[in-house]
Amino acid sequence: MAERGAAPPAAGGGAQGAPRAPAPARRRASPVAEPRALKWGLTAVAVLVLGVLLLLPLAVAFFQALSGGVGAYVASLLDPEARSAIRLTLLVAAIAVPLNAVFGVAAAWAVAKFEFRGKSLLVTLIDLPFSVSPVIAGMVYLLLFGAQGFLGPFLQSRGLQVVFAVPGIVLATLFVTVPFVARELIPLMQELGNEDEEAALTLGARGWQVFSLVTLPNVRWGLLYGVLLCNARAMGEFGAASVVSGHIRGQTNTIPLQVEVLYNEYNWVAAFALASLLALLSLVTLVIKAVLERRDVLSKAGHVVR
Amino acid sequence: MAVARLRAPSVLPGFGLALGYTLTYLGLIVLLPLAALAVRGAALPLGELTGVFADERSRAAIRLSFGSALIAAAIALVAGGVVAWVLARYRFPGRRFLDAVVDLPFALPTAVAGIALASVFDATGWLGGPLGRLGVQVAYTQVGIVVALVFIGLPFVVRSLQPVIEELDVEVEEAAATLGASRLQTLWRVVVPTLLPAGITGFALALARAVGEYGSVVFIAGNLPFRTEIAPLLIIIRLEEFDYPGAMALALVMLGISFALLLAVNVVQAWARRRFGRG
């Protein structure tokens, strides 16, 4: 490890104040660094991929939203159908996110704090909604609650409408967003271990106190990020919601569904204006994640959120 | 006591409550609906399932969905590998910003990504225009579908590889250099094999997501039957025709193929882990 300066940091590349590689002119190139041309080539490829594939569409979305001027942008958001879509999306998220947050905390407590048989099976089950196509997730609710479904005729005779109505959208969203909070909390709680909780117990804390005074403060930022991701997905869910919503304008269209309607009518300004709300939400999510990562309060196991 | 043997002893409270709640919730929200699919699927006449393969439109949709997903996951593996390497190893202005950008497809709703990509690659779009003059049509062709799926798959590959690259032992690379390997030889014969298991994980995640992806694809796909109609869209069309058995059969065939595909990936993964360790 004689090479200082030019040698890349071996681990913890995200550490603050990482060596800037001053590259002393007279020294020979480090044996563990790529030739200069290759290094710049790879960096250019990475910048190009991220710029063209990820940043350009985002920029276009905002550009299109504002292409008719600020007046048209605001008018599109104040349209009664748009307002109804926004209201419905907020309602769906307000139901789905807290339920899945409570579930995530309970699941993480069981999985991360205890060793029991069948644990890996349970984790697989928690992840299951990630590997089911959203379209199939929506379809499954049609099979349960639709007119040809198991419970459909029974519900219809009581005058209860689940699919092609708000309850169906809520259920499909719940299904799709089940794993987010649990996925964020499980690795974090596992890394933190049980010592803090055990110490609290020896000092006389009761069960609930251990959780609310020790565990919860330890994982609060991970919980926040999990909730944000869950919320972003709940508000943006498209495939599953599309199957169960029935697409009744002004009634069962969430923001993404209304965006689809407007886009297919070639009303691009309105479509992108509405979409820009969700794009802004995702930007806020990413900024908060970057801040939390910098403060080193999230799990280091990586955040492969599917 | 039988219960005691089911879990290792612990002084922490709340196991029964937490596990009970978790299982009940999962049962209601996840398992009950999937059980409905299983029960209805089991009652499906066999002819309905084989009919999926007999029907040319379904066959075309399935071939398109899985073919595009495989191509896209492979492209995401290569491109994501480069991105992960650059973000983990190099220091340059704007690196933190790019690192944050990687997660965009996770946070951006699929429908928003879909209309934005379609608009970029449309014949009148920022990239679609210039590419069109070169004779390359992206939007409303399979190329467009692959582009959307690479968009969706990229972060899975990057986030699977990046932590492993950051923890690579530089001394191994130094040893290779000491033994006379050129840097390219070291990269190809020492670094890439070490990263293979993590790369396969990312590939599998991207593939699994791409197969069922709907929102980001439908806007750029064109949706022509037999040509650019993906399987999830065909399921929706069948549902809108109230052809529930047809939709279910297609869904079950899709789930079956995905399962087989991921099983195959897992076999390769197990081999790579045995052969190269790590990941």
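This is a predicted model, so every value here is computed, not measured.

Digging into the overall build of chain A
Broken down by element type, chain A carries 13 helices and zero strands. Mapped from its N terminus to its C terminus, chain A presents α and β elements in the order α-α-α-α-α-α-α-α-α-α-α-α-α. A burial count over chain A gives 52% of its 306 residues as buried. By sequence separation, contacts in chain A at least 24 residues apart represent 73% of the contacts at least 6 residues apart. Total accessible area on chain A stands at roughly 13,500 Å², and carbon and sulfur atoms take up 64% of it.

Examining the overall build of chain B
Secondary structure assignment for chain B yields 14 helices and zero strands. Seen in sequence order, chain B has helices and strands lined up from the N terminus as α-α-α-α-α-α-α-α-α-α-α-α-α-α. Once the C-alpha set of chain B is aligned to its principal axes, its extents read approximately 75 × 65 × 35 Å. Per-residue burial for chain B yields a buried fraction of 56% across its 279 residues. Long-range pairs, those at least 24 residues apart, make up 77% of the contacts in chain B between residues at least 6 apart in sequence.

Some remarks on the nonpolar core
Ranked by internal contacts, the top residues of the largest apolar core, which has 194 residues, are Ile 126, Met 139 and Phe 175 of chain A together with Ile 235 of chain B. Not counting residues within four places of it along the chain, the set of residues in contact with Phe 175 of chain A comprises Pro 129, Val 132, Ala 137 and Tyr 141 of chain A together with Ile 29, Val 30 and Leu 34 of chain B.

Things to note about the interface of chain B and chain A
Between chain B and chain A, the contact holds 98 residues from the first and 105 residues from the second. Summed over both partners, the interface of chain B with chain A comes to about 9,300 Å²; 77% of that surface belongs to carbon and sulfur atoms. Sorting the residues of chain B by area buried against chain A places Leu 12, Arg 91 and Trp 126 of chain B first, and these three jointly supply 7% of that buried surface. Across the contact surface, chain B and chain A share two salt bridges.

Details of the side chain of Glu 213 of chain B
All names here are of chain B. Relative to the helices and strands, Glu 213 is located in the loop between helix H11 (183–212) and helix H12 (215–221). Here Ser 216 takes part through its side chain, which lies 2.8 Å from a polar atom of the side chain of Glu 213. Setting aside residues no more than four positions away along its own chain, Glu 213 makes contact with Thr 110, Leu 149, Ile 152, Ile 230 and Pro 232.

With respect to the packing of aromatic side chains
Using the criterion set out here, one finds 19 aromatic pairs over all chains in the structure. A ring pair is formed by Phe 63 of chain A and Trp 126 of chain B, whose centres lie 5.0 Å apart and whose planes are at 65°; its orientation type is edge-to-face. Of the two residues, Phe 63 of chain A is situated in helix H1 (residues 36–65) and Trp 126 of chain B in the loop between helix H7 (110–121) and helix H8 (128–133); the pairing between them involves two chains. On the basis of relative accessible area, Trp 126 of chain B is assigned to the partly exposed category, the value being 40%.

Notes on a nonpolar patch on the surface
Residues Leu 91, Ile 95, Leu 99 and Val 102 of chain A together with Tyr 21 of chain B make up a contiguous nonpolar surface patch of roughly 380 Å² in combined accessible area. The biggest single contributor to the nonpolar patch is helix H3 (residues 80–113) of chain A, with four residues.

Observations regarding helix H13 (residues 231–240) of chain B
A large share of H13 of chain B lies buried, amounting to eight of its 10 residues. Buried residues of H13 of chain B: Ala 231, Pro 232, Leu 233, Leu 234, Ile 235, Ile 236, Arg 238 and Leu 239 of chain B, and no others. Those residues of H13 of chain B that are buried lie in contact with helix H5 (134–145) and helix H11 (239–245) of chain A together with helix H4 (56–89), H11, H12 and helix H14 (244–276) of chain B. Of the residues flanking the end of H13 of chain B, it is Phe 242 of chain B, one or two places downstream, whose phi is positive at about 60°.

Looking at the confidence of the model for chain B
Residues and elements named next belong to chain B. Per-residue pLDDT for chain B has a mean of 91; in total, 97% of the residues score no lower than 70. No element of chain B has a lower mean pLDDT than helix H1 (residues 2–6), which averages 56, and none a higher one than H4, which averages 96. Reported for the predicted complex are a pTM of 0.88 and an ipTM of 0.89.

Observations concerning the confidence of the model for chain A
Residues and elements named next belong to chain A. For chain A, the average pLDDT comes to 87, and 88% of its residues sit at 70 or higher. Here helix H6 (residues 152–157) is the element of chain A with the lowest mean pLDDT, 82, and H3 is the one with the highest, 96. This model gives residues 1–18 a pLDDT under 50, and the stretch forms 34 contacts once residues within four places in sequence are excluded.

About the thresholds
Every chain is numbered on its own, with residues counted from 1 as its sequence reads. Numbering of ligands from 1 and lettering of chains from A proceed in the order in which they are written. Residues qualify for local features only when their pLDDT is at least 70, as the model is predicted, and side-chain atom pairs are given and counted only at 80 or more; totals for whole chains, interfaces and linings, by contrast, use all residues. The side-chain quantities take in all heavy atoms of the structure and omit both hydrogens and water. Numbering of helices and strands runs from the N terminus; a helix is a DSSP stretch of H or I covering at least four residues, while a strand is a stretch of E covering at least two. Relative accessibility decides the category of a residue: with a 1.4 Å probe and only protein chains considered, values under 20% of the type maximum give buried, values over 50% give exposed, and everything between is partly exposed. We call two residues contacting when some pair of their heavy atoms lies within 4.5 Å. Working definition of accessibility: Shrake-Rupley area with a 1.4 Å probe, residue cover restricted to the visible protein chains. Buried Ala, Val, Leu, Ile, Met, Phe, Trp, Tyr and Cys residues form a nonpolar core when they are joined through side-chain atoms within 4.5 Å. Defined here as a combined quantity, buried area equals the accessible surface (1.4 Å probe) lost by two parts on assembly, summed across both. Between Lys or Arg on one side and Asp or Glu on the other, a salt bridge is scored when a side-chain nitrogen of the former is within 4 Å of a carboxyl oxygen of the latter. In the analysis that follows, any N or O atom pair within 3.5 Å is treated as a polar contact, provided that within protein one partner can donate a hydrogen and the other can accept it, and provided that, for residues neighboring in sequence, both atoms belong to side chains. To pair, rings of Phe, Tyr and Trp, with the six-membered ring standing in for Trp, must have centres within 6.5 Å; the planes then decide the type, stacked if under 30 degrees apart, edge-to-face if over 60, and tilted in the middle. Residues enter patches when their relative accessible area tops 30% and they take part in no salt bridge; the joining distance is 9 Å for like charges and 5 Å for the nonpolar side chains Val, Leu, Ile, Met, Phe, Trp and Tyr. Predictor confidence is given residue by residue as pLDDT, running from a minimum of 0 to a maximum of 100.

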